[in-house]
Every structure is written in structure tokens, then in C-alpha cells.
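# Fold and geometry: a report
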Amino acid sequence: MFFSELETINSNPVKPLSIEKRGKVYADVPLNYFQNVEDLKKYVVELKKLGVNVLLILPHFKPSFSPYVVADYEQPCSLFDSWDKFADFTKFVEELGMDRMIDIPFNHADWNCAHLKREWYKNYQENGIEAGADDEDADGNRIHVNWGAFILDNSIKELQNYWLEKVIYPHIENLNVNAIRIDAAWGLDAQGLKRIVQETKRRYPKVWFLTENLGMAPLIKLAKSGIEAGADRFFNNMYWFSGGLYIPTDIYTLYKRSNGVPTSTIYSSHDTLMPAMKAYSRLRSNDIKGMNNKAIVRQFVQYDNIHSLQQFDEATKKEVIAQMKLDFALSALMSTDLMFVAGSEKALFEANNVCNSTPDDFKKGIESDLPNFMQDTLNIKSSDEIFNCEGVVIPFGLWKLDQSGIRGFVKTAKNGKQAFVAVNNSNSTLNVKIPKRIRKVQKGYLHTSGDVFEINIPKSIELPSRSVVVLSC
């Protein structure tokens, strides 16, 4: 699937960069997919083989009706049952050479959350303020969605001390955690967030923070408090939604404002459509043109009663997997980091529901060569610094849901290195013109799953159907 039909000067086997030069590859792992910790451990081994180096688990605290509506931050969820069992699990992950990232909802909690004082909630005298966010419903109407949790006032130093002393420090000192995702970081008090991050990093310099900055508002607005707090990494808002790219200019703004802090492109997460559903959306683009993500879910799951690719014939499965591969190649090679949600490699069709999904839902995936392709792509990613750094990303081609053909991007890093990645999602061979900024370098490298070829960069490439071309110079 990786294009290799060019005249080469010489070739070398793919060699990985040193660990410190590689970006982070996150697996976003919902815990409700697993019956017990042993099943989770077996899955983590699979992730390691794929090339994952950061295990990000959804909130593991004792939940109310959702992991993101915490009932007790000082007790683990039923999967782990005890902190000793949780520590054993994180030690296992550490011994695999992976970072252990927990997800902490600082912004909101159950109204009766244990150990939290009533005065730590905003507007507590008048029954609090329910947390939520603006969104779009299946009919395209702007709505406000409440989460069932209540907003905490993180400007209160006593509450900040609670987070540090009762939640963060114990996880680092006793539970083998070395990375923290701050859920909905944009809603935290800026000074409170800054103190939480900086006090932790002062005491534990090797611990790093990812502050969630996704949403429907401009990226830089959502990332501002995290940047000022000194967070180490961010999401870059390159949504893989039905409409294609989301606000590419935001990525450039974040790149400039943050001085090139590492970001993560999201192939999938527990908040978005699964890649299999997105890929199937392309096959059904004539039927669903103009629909947003919620409408796509309504059409496929509610109206068409599709819950798994197991329901499709072999030809449709093959086509969906081919489309998924193309999207994965683009997302994996775009920014320093990459994230995908558990089950993406199994081509799960329905997104994880943090309240209701079960191990039976995790079993609805299919067997295919997609994991092998993901592994090959991550091997390419780990072989060159240009795929493991930030840069100016310029997308080109046809990205909309109902368009087939060439799409891709050119990335230019501060040191002048460049990457050119393009895919052909059409049914025929198409000509791909190489931008002048790439051609003028004259010599470069063609990356494939097993080799790196030195080449004279051509003016254009005849790219076969369902294939990927990856160049660097």
C-alpha cells in the first residue's frame, strides 16, 4: 500500500530514532471494555506491539454514573478494586516501556463526591452549576449539553491542595504514574491550573502534562490556559470528522503561540466517530451528504441498525479497511504525537459510550490486516525526525466527505526539513504533483514499510488507487 515505484539511488532498512527523539503514540483506553485487569494487560501487550508508547486510560476513579462524573477521587473503579491492584497494573505497563497516563476531571464532579467540600463547588449556595458544553445535534442545531456533573471552583487554593496532595502526588509516588491528562482544561481557573501543573513539575520534574484543548471554539482559545500553565503537550484540533480538516489555521496559530510545543493528531478518541464509521461514511457519501457526526450515527446505528462491520459482506469490509488505512497514514505522520482509541485497530464501528459500553461491545471488531498496516506506519513515523516534530502544515487535495481523489499535506519544520504525504482514495491511478518547495531540494527519501530509499525527487507521481506516498527531504 506504500508507494515504492520510483527510481532509487540506494536504500536502507527502516531504523528507528532513539526513544527520546520519537513522538508519543497514545492509546486512549476506555476501561469499561474489559472484564478484568488480566484482559486489560493482554490488550496492552497488543498495543505495545503496534507501536504505542503511552497508555492513556479514561478516569479510573470510583464513578458516579460516568467515569467523568467522579464519586470519589480517593477510591479506584471496580475494575481495579484496590490501589494495590492498580499499582500492579501500572508497574506492568512501565515494564513494557510505556508511559502511564491518567485522566483527571478537575473541572467537575458528582454533587455528592466524597471528600469534596460543598464550598468547593461554584454557586454552591444555589445548588451548584451543572457542567456542560456547546455542541451540535443531529439536525445541525446548536445546543448545550449538560454532563450530569457540577463545576468545581479551582481558584480555591484549598481545592488545589486537595488535587495535589490527595490525588496527584499519591499517584506519582505510590502508583507508578508519570503523565497526566487534564480533562476539559480550558474550563479551569487559569491560575489554579498553573499552580497545579507547576507545583507538580517542581516536585516531580519527569512528570508531564497533556491538557485537553479540543472543542468547537477556536483552538488557541481553548489552549491558552494550558500554554500559560506550562503544559507539555496538546491536541492539535486536526479533526477527522465527516467534513475533513477542521480549522487548519488554528494549528498554525497554536504552533506560533506555543513555540512549537508537541501536539497530537487524533485518529480517533472516545469523543469522536470511530474510524470505521468515518470510512463507511465515505462509501455512503451520496446518502449522507451534509450530515454531521451525530446525524451519521443516527443514520447508521438507529435507522440502519448497523453495530459492527461483521454485518457487512467481505467486499465492503475490505473497502472500509482500505479507507481507514489512508486516514491513519495521514494522521500518524502529521504531528509530533498521535492518538487513537482502543478498538480502532479492530475496526469497531460504534464509538465507545463511557457509561454503557461493555466487553461485549469490544468483541464486535473484525480481523483484518489493519493492525499490520498501523504497525508499518508507526515504524515509518519512528524513522525520521520530520514525522516526530511540529511544523507548518499545509493541506492540499480533496478532503470533503463526498470527494474522492488525492488528499495530503506538506509539513515544514523549523530546521528546514520537510515531509510530503499523500493518499489516493479513488478507484483509479491519479497523478500527484510534487510542490516546488519539495522539488527544489532535488534529492530526498521515499519511505515504505520496510525500507527508506534515497531518490531524485520527481515533478509528479502516478499514485495507484488506495495507496500512500511518503517523502521527506
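These numbers come from a predicted model, not from an experiment.

### A short note on the sheet that holds strand β7 (residues 108-109)
If you trace the three strands from one edge of the open sheet to the other, you get β7-β9-β8, paired in antiparallel fashion. The open sheet terminates on both sides in strands that have one partner only, identified here as β7 and β8 (130-136). As paired strands, β8 and strand β9 (residues 142-151) are joined by six bridges and run antiparallel to one another. Looking at β9, one finds that A133 is bridged to V145.

### Thoughts on the packing of aromatic side chains
Applying the stated rule across the entire model yields 25 aromatic pairs. Through pairs of rings, three or more aromatic residues link up here, namely F61, Y73, F106, W120, Y162 and W163. When the ring centre of Y121 is taken as origin, the NZ or CZ atom of R118, which lies over that ring, is 5.6 Å away.

### What to know about the pattern of salt bridges
Under the counting rule described, the total for this entry stands at 25 salt bridges. Across the pair D369 and K325 runs a salt bridge whose closest N-O atoms are separated by 2.9 Å. One end of the pair, D369, is in the loop between α11 (359-362) and α12 (370-381); the other, K325, is in helix α10 (residues 314-332), and 44 residues separate them in sequence. The exposure class of D369 is partly exposed, given its relative accessible area of 41%. Given a relative accessible area of 10%, K325 falls into the buried group. Salt bridges sharing partners connect three or more residues here, namely D103, R181, D183 and E212.

### Let's talk about the environment of V393
As for its position among the elements, V393 is in strand β15 (residues 392-397). For V393, a relative accessible area of 19% puts it in the buried group. Placed 141 residues apart in sequence, V393 and Y252 show a C-alpha to C-alpha distance of 7.4 Å.

### So, the sheet that holds strand β19 (residues 443-447)
Spatial ordering of the open sheet is given by β1-β20-β19-β22-β17-β16-β15, a layout of seven strands whose pairing is antiparallel. On the outer flanks of this sheet lie β1 (8-13) and β15, each paired with one strand and no other. Each neighbouring strand pair of the sheet contributes to a mean axis angle of 20 degrees, computed without reference to strand direction. Its contacts with the sheet put α10 on β16 (406-412), β17 (418-424) and β22 (467-472), and the angle it makes with β17 is roughly 170 degrees.

### A word on the nonpolar core
Counting residues in each nonpolar core, the largest one holds 109 residues, and the members touching the most others are Y73 and L116. Once you skip the residues sitting within four places of it in the chain, Y73 turns out to touch F61, W83, I104, P105, H108, A109, C113, L116, Y162, W163 and V167. Judged by nonpolar contacts, the second largest core, of 17 residues, contains I406, A422, I457 and L463.

### Points about helix α5 (residues 219-229)
Regarding α5, the residues found buried are L219, I220, L222, A223, S225, G226 and A229. Trailing α5 by a residue or two, G230 shows a phi angle of about 90 degrees, which is positive.

### Concerning the pairing of β17
The buried count for β17 comes to seven of seven residues, which makes it a mostly enclosed element. By the alternation rule, side chains of β17 split into Q418, F420, A422 and N424 and A419, V421 and V423, which are all buried. In the sheet, β16 pairs with β17 via seven bridges, with the strands oriented antiparallel. Looking across to β17, one finds that I406 is bridged to N424. As consecutive antiparallel partners, β16 and β17 are separated by five residues, and within that stretch G416 has a phi angle of approximately 95 degrees, a positive value. For β17 and β22, the ladder comprises six bridges, and the chain directions are antiparallel. Each bridged residue has a counterpart across the sheet, and for N424 the counterpart in β22 is S467.

### A closer look at the pairing of β9
Working note: regular strand, side chains alternate between the two faces of the sheet. Pairing of β7 with β9 involves two bridges; the strand directions are antiparallel. Looking at β9, one finds that A109 is bridged to F150. Hairpin remark: β8 followed by β9, antiparallel, with five residues in the connecting loop; positive phi at G140, about 85 degrees.

### Digging into unusual backbone geometry
Of note, the phi angle at N259 is positive, near 60 degrees, even though the residue is not glycine. Residue class for N259 comes out exposed when judged on its relative accessible area of 61%. Unusually for a residue other than glycine, A347 sits at a positive phi of about 60 degrees. Counting through the fold element by element, A347 comes out in the loop between β14 (337-341) and α11.

### Here's the deal with the side chain of T211
Along the chain, T211 turns up in strand β11 (residues 208-211). Ignoring sequence-local partners within four residues, the contact set of T211 consists of I182, A185, G226, A231, R233 and F234.

### Details of helix α1 (residues 37-50)
End to end, α1 covers 20 Å across 14 residues, agreeing with the expected 20 Å (1.5 Å per residue, within 8%). Those residues of α1 that sit buried are V37, L40, K41, Y43, V44, L47 and L50. Down the axis of α1, the buried side of the element spans an arc of 165 degrees, and every buried residue falls inside it. Among the exposed residues of α1, those pointing more than 90 degrees away from its buried face are K42 and K49. Buried residues along α1 sit in contact with β2 (25-29), β3 (54-57), α2 (83-95), β14, α11 and α12. At the N-terminal end of α1, a side-chain oxygen is found 3.2 Å from the backbone nitrogen of E38, two or three residues along, and the residue is N36. Count one or two residues on from α1 and you reach G51, which has phi positive near 125 degrees.

Reading guide: rules and limits
Residues numbered from 1 in each chain as written. Predicted model: local features only at pLDDT ≥ 70, side-chain atom pairs only at ≥ 80, totals over all residues. Heavy atoms only, no water. Pairing = 2+ DSSP bridges. Helix = DSSP H or I, 4+ residues; strand = E, 2+ residues; numbered from the N terminus. Phe/Tyr/Trp six-rings, centres within 6.5 Å; stacked < 30°, edge-to-face > 60°. Lys NZ or Arg CZ within 6 Å of the ring centre and 35° of its normal. Salt bridge = Lys/Arg side-chain N within 4 Å of Asp/Glu carboxyl O. Buried < 20%, exposed > 50% of the residue type's maximum accessible area, 1.4 Å probe, protein only. Axes fitted to C-alpha atoms, helices over the stretch in contact; angles between N-to-C directions. Contact = heavy atoms within 4.5 Å. Core = buried A, V, L, I, M, F, W, Y, C linked by side-chain atoms within 4.5 Å. Expected span 1.5 Å × (residues − 1). Arc of directions from axis to C-beta. Polar contact = N/O pair within 3.5 Å; in protein donor to acceptor, adjacent residues only side chain to side chain.

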